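Analysis of the macromolecular model
Spelled out, the chains give:
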Amino acid sequence: MTKWTERDVPDQTGRVAVVTGANTGLGFETARVLAQHGAEVVLAVRDTARGEDALRRITAAAPNATVRLHSLDLGSLDAIRASAQQLHASTPRIDLLINNAGVIPPERQTTADGFELQFGTMHLGHFAWTAQVLDLVLDVPGSRVVTVASDSHRYRRAIDFDDLQWERSYPKVAAYTQAKLANLLFHYALQRRLEARARGERGTVALAAHPGVANTEAGRHLPPILQRIIMASTPMYQDAASGALPQLRAATDPGALGGQYFGPDGRGERRGNPKVTVSSQYSYDAEAQRRLWRVSEELTGVSFPV
């Protein structure tokens, strides 16, 4: 089959895409491509100054596109609630909700609500955000929720429900992989709920993707030895534009199906063009998915309309 590239993105005219973490890296490239293909793009970002710069660069690449900046701090439940209310006031519907934002802090940090920053932002933050804007996505023809995970989720055998906030110890990389495993458990659980709501009819679907190993700012706080390994191994990795292809395919490929997971087709899924792939065996565990969903609702105080 022909390798899928951004040139294969269908015309997105008339569609509204909300991309979290769109000021840099994978999120920026995803927003840029969608804008260049006609979508109205909402850049949902915490750092609005960097968001303004991203907006200028995207509009320079797509002069006729409609691109808007939207403030979203995934590290605060109050801020998420306010941001969701503001989005309801400005955006009547969403065709593509792309949960992309990620964070790897230099040391253990907590969100405004006391959650460990990686789990609290990448999983709980997106969980609460999706719950409060999903009504804008439901019943929109062809609408999708795309969760950006990481192939590093495979390094985590299971969710440690006894220490979700890493209060006993803080191995930073393990905390990252657990947050990304949580992303996939959420993705599969959400798709199951969407399927039940649709009752066999075509409706909103959930898809997921991982970028392989992409050269973005996400790794700037990794331990120095890991940064040196990455620099020495640069030929094995890919740039942010290539890393964004799996989530772009999940968002736009007319043949993509709910529940699918996309990643690069190269060796070890480190780089390459996007293909349908599989995640770890544990990520498909329905009981683990249900348990994480219940815990996430308790911690965030939100509930879903599905």
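Residues numbered from 1 in each chain as written. Predicted model: local features only at pLDDT ≥ 70, side-chain atom pairs only at ≥ 80, totals over all residues. Heavy atoms only, no water.

Under an unreviewed UniProt entry, the name given to the protein is SDR family NAD(P)-dependent oxidoreductase, and the source organism is Tsukamurella strandjordii.

Empty space within the second largest pocket amounts to approximately 420 Å³. Lining the second largest pocket are 24 residues, with Gly142, Ser143, Arg202, Gly203 and Val205 positioned closest to its centre. Taken together, the elements giving at least two residues each to the lining of the second largest pocket come down to helix H5 (172-198) and helix H8 (245-252). Counting residues per element, the lining of the second largest pocket draws most heavily on H5, at 4 residues. The residue makeup of the lining of the second largest pocket, split by class, is 10 nonpolar, 8 polar and 6 charged. (1 Å grid on protein atoms, 1.4 Å probe; cavity = no way out; pocket = protein on both sides within 12 Å on 5 of 7 lines; lining within 4 Å. Points joined across faces, edges and corners; volume = space filled by probe spheres on them. Helix = DSSP H or I, 4+ residues; strand = E, 2+ residues; numbered from the N terminus. Nonpolar A, V, L, I, M, F, W, Y, C, P; charged D, E, K, R; others polar.)

To continue, consider empty space enclosed by the protein. In the structure shown here, the tally under the stated rule is 1 cavity of 30 Å³ or more. Approximately 30 Å³ is the volume found for the largest cavity. Together, Leu74, Gly75, Ser76, Leu77, Ile80, Thr111, Asp113, Phe115, Gly120 and Gly125 line the largest cavity. Of all elements in the fold, only helix H3 (77-90) and helix H4 (117-133) reach the threshold of two or more residues within the lining of the largest cavity. Taken together, the residues of the lining of the largest cavity break down into 4 nonpolar, 5 polar and 1 charged.

Before going further, it helps to spend a moment on H3. Compared with an ideal rise of 1.5 Å per residue, which puts 14 residues at 20 Å, H3 spans 20 Å between its outermost C-alpha atoms and is within 8% of the ideal. Among the residues making up H3, those that are buried are Leu77, Ile80, Ser83, Ala84 and Leu87. Across the axial projection of H3, the buried residues extend over an arc of 120°, all falling on one side. For H3, exposure combined with an orientation more than 90 degrees from the buried face picks out Asp78, Gln85 and Ala89. Turning to H3, the residues buried within the fold contact strand S1 (16-20), strand S2 (40-45), strand S3 (67-71), H4 and helix H9 (286-300). (Expected span 1.5 Å × (residues − 1). Buried < 20%, exposed > 50% of the residue type's maximum accessible area, 1.4 Å probe, protein only. Arc of directions from axis to C-beta. Contact = heavy atoms within 4.5 Å.)

Turning our eyes to something else, we now look at the packing of aromatic side chains. Applying the stated rule across the entire model yields 7 aromatic pairs. Judged by centre distance (4.6 Å) and plane angle (50°), the ring pair of tryptophan 293 and phenylalanine 304 falls under tilted. Of this pair, tryptophan 293 sits in helix H9 while phenylalanine 304 sits in the segment after H9, and the two are 11 residues apart along the sequence. Taken individually, tryptophan 293 and phenylalanine 304 each receive the classification buried, so the pair is uniform in this respect. Grouped by ring-pair contacts, the aromatic residues Phe127, Phe186, Trp293 and Phe304 constitute a single cluster. (Phe/Tyr/Trp six-rings, centres within 6.5 Å; stacked < 30°, edge-to-face > 60°.)

A few words now on the packing of helix H1 (residues 25-36) against H8. In the contact formed by H1 and H8, the axes pass within 9 Å of each other and the chain directions differ by 45°. For the element pair H1 / H8, the angle class is oblique. Handedness of the H1/H8 crossing: right-handed. Between H1, through Leu26, Thr30, Val33 and Leu34, and H8, the contact on the second element is made entirely by Gln247, Leu248 and Thr252. A class-by-class count of the residues in the contact of H1 with H8 yields 4 nonpolar, 3 polar and no charged. (Axes fitted to C-alpha atoms, helices over the stretch in contact; angles between N-to-C directions. Parallel < 35°, antiparallel > 145°, perpendicular 65-115°, else oblique. Left-handed = near helix turned anticlockwise from the far one by under 90°.)

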